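Descriptive analysis of the structure
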Amino acid sequence: MNQMKMSITKPAVKWFINELDLKEQDSIRFFARYGGFGGVHKGFSLALEKTEPNNPGAEVTEEGIHFFVEESDLWYFNDMNFHIKYSRKIDEIEYIIE
């Protein structure tokens, strides 16, 4: 199994800090949830929560903020890489799984 690579752009980090009122040392977990649209697996979508990591399978720290996916949620990404970026055009975060 390949090790999933995770990345986040600086504008995306700033968006998360502003939108979620994050402070240095905060952690954001990305995980698969049942329901929603636009996911890799039909019937599942990507969700996030502010929480501490337990057993991260992929992680990246930018501007003092720790972004991660738990080992137990790696199945959702199908051994693909996970990139998080900010779109100025729609003023939203975009998730790229490839």
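Check the entry above for the structure.
These remarks concern the structure in this document. This is a predicted model, so every value here is computed, not measured.

Quick notes on the rules
Residues numbered from 1 in each chain as written. Predicted model: local features only at pLDDT ≥ 70, side-chain atom pairs only at ≥ 80, totals over all residues. Heavy atoms only, no water. Buried < 20%, exposed > 50% of the residue type's maximum accessible area, 1.4 Å probe, protein only. Helix = DSSP H or I, 4+ residues; strand = E, 2+ residues; numbered from the N terminus. Arc of directions from axis to C-beta. Pairing = 2+ DSSP bridges. Axes fitted to C-alpha atoms, helices over the stretch in contact; angles between N-to-C directions. Patch = residues over 30% accessible without salt bridge, like charges linked within 9 Å, V, L, I, M, F, W, Y side chains within 5 Å. Areas by Shrake-Rupley, 256 points an atom, 1.4 Å probe, with all protein chains shown as cover. Salt bridge = Lys/Arg side-chain N within 4 Å of Asp/Glu carboxyl O.

1. Focus: helix H1 (residues 10–20)
Among the residues making up H1, those that are buried are Ala 12, Val 13, Trp 15 and Phe 16. In a view along the axis of H1, the buried residues occupy a sector of 160°, so they form one face of it.

2. A word on the sheet that holds strand E1 (residues 6–8)
Pairing within the open sheet is mixed, and its three strands lie in the order E1-E6-E7. Either end of the sheet is taken by a strand with one partner, and the two such strands are E1 and strand E7 (92–97). Between one strand and the next, the sheet's axes are offset by a mean angle of 20°, whatever the strand orientation. Sheet topology note: the E1/strand E6 (residues 82–87) ladder contains three bridges and is parallel. Each residue of the ladder has a partner; that of Ile 8, found in E6, is Ile 84.

3. A closer look at the pairing of strand E2 (residues 27–34)
Regular strands show a simple pattern: their side chains alternate between the two faces of the sheet. In terms of residue burial, E2 counts as a mostly covered element, since six of its eight residues are buried. Both E2 and strand E5 (residues 65–70) contribute to a ladder of four bridges, which runs parallel. Paired with Arg 29 across the two strands is Phe 68, which belongs to E5. Judged from the seven bridges that link them, E2 and strand E3 (residues 44–50) form a sheet pairing that is antiparallel. By the bridge assignment for E3, Ala 32 is matched with Leu 46.

4. Points about a nonpolar patch on the surface
A surface patch of nonpolar side chains, about 220 Å² in accessible area, is lined by Leu 20, Leu 48 and Tyr 95. Looking at the element boundaries, Tyr 95 is found in strand E7.

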